[in-house]
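Observations on the model geometry
Listed here are the chains, written in short residue letters.
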Amino acid sequence: MKGSDWRGRAACSRLEPDIFYPVGDGAYAREMTEIAKQACLSCPVRAECLRQALETGEQYGIWGGMTPEERRDLARRNMRRRRIDAAVRMRGLAR
């Protein structure tokens, strides 16, 4: 599917959007984060959602079942992996 066509099939399209944007780090925000993540677990477009957030650098909210911090960690790991792969290719070494 192209563009944002996946959004209409997202589990969150039928839920209150506020749960995907918890504010703060208190008990209520942690509870909302867990509720949002649970909704994402069974979402048929979870991968597309996460890809969108990573490609656009989404800084807020739960996307693809991941918090902003989790997405930043994933992006760092992916960047590190790409750098290592590029260095290996430049040296003509096999992994």
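Residues numbered from 1 in each chain as written. Predicted model: local features only at pLDDT ≥ 70, side-chain atom pairs only at ≥ 80, totals over all residues. Heavy atoms only, no water.

Per an unreviewed UniProt entry, the recorded name for the chain is Transcriptional regulator WhiB, and the organism is Bifidobacterium longum. Turning to the chain, the UniProt annotation filed under Function (unreviewed entry) states: "Acts as a transcriptional regulator. Probably redox-responsive. The apo- but not holo-form probably binds DNA." (UniProt positions renumbered as here; feature names shortened; annotations may be inferred.)

Some points on the UniProt feature "binding site: [4Fe-4S] cluster" (unreviewed entry) in the chain
Within the UniProt annotation, "binding site: [4Fe-4S] cluster" (unreviewed entry) is assigned to Cys12, Cys40, Cys43 and Cys49. Over a stretch of 38 residues, the named residues converge on one spot in the fold, their C-alpha atoms separated by at most 10.4 Å. Its location among the elements puts Cys43 in the loop between α1 (27-41) and α2 (46-56). With a relative accessible area of 14%, Cys43 lands in the buried category. Leaving out residues up to four positions away in the same chain, Cys43 has contacts with Ala10 and Ala11. Of the residues examined, Cys49 reaches a relative accessible area of 11% and is grouped as buried. Ignoring any residue separated from it by four or fewer positions in sequence, one finds Cys49 in contact with Trp6, Trp63 and Gly64. (Helix = DSSP H or I, 4+ residues; strand = E, 2+ residues; numbered from the N terminus. Buried < 20%, exposed > 50% of the residue type's maximum accessible area, 1.4 Å probe, protein only. Contact = heavy atoms within 4.5 Å.)

Some words on the side chain of Thr33
Residue placement: Thr33 occurs in helix α1. Residue Thr33 is classed as buried on the basis of its relative accessible area of 15%.

Observations regarding helix α3 (residues 68-91)
The periodicity of an α-helix, 3.6 residues per turn, causes residues three or four places apart in sequence to face the same way. Look at α3: 35 Å from first C-alpha to last across 24 residues, which is about the 34 Å you get at 1.5 Å a residue. Where α3 is concerned, the buried positions are Pro68, Arg71, Leu74 and Val88. In the core, the buried residues of α3 are packed alongside α2. Directly after α3, the chain includes Gly92, whose backbone phi takes a positive value near 70°. (Expected span 1.5 Å × (residues − 1).)

Let's talk about α1
A rise of 1.5 Å per residue sets the reference length of α1, with its 15 residues, at 21 Å; its end C-alpha atoms lie 21 Å apart and thus fit the reference within 8%. Among the residues of α1, those classed as buried are Ala29, Met32, Thr33, Ala36, Lys37, Ala39 and Cys40. All buried residues of α1 fall inside an arc of 155° around its axis, so they share one side. Facing away from the buried side of α1 by over 90 degrees, the exposed positions are Ala27, Tyr28, Arg30, Gln38 and Leu41. Contacts made by the buried residues of α1 are with α2 and α3. (Arc of directions from axis to C-beta.)

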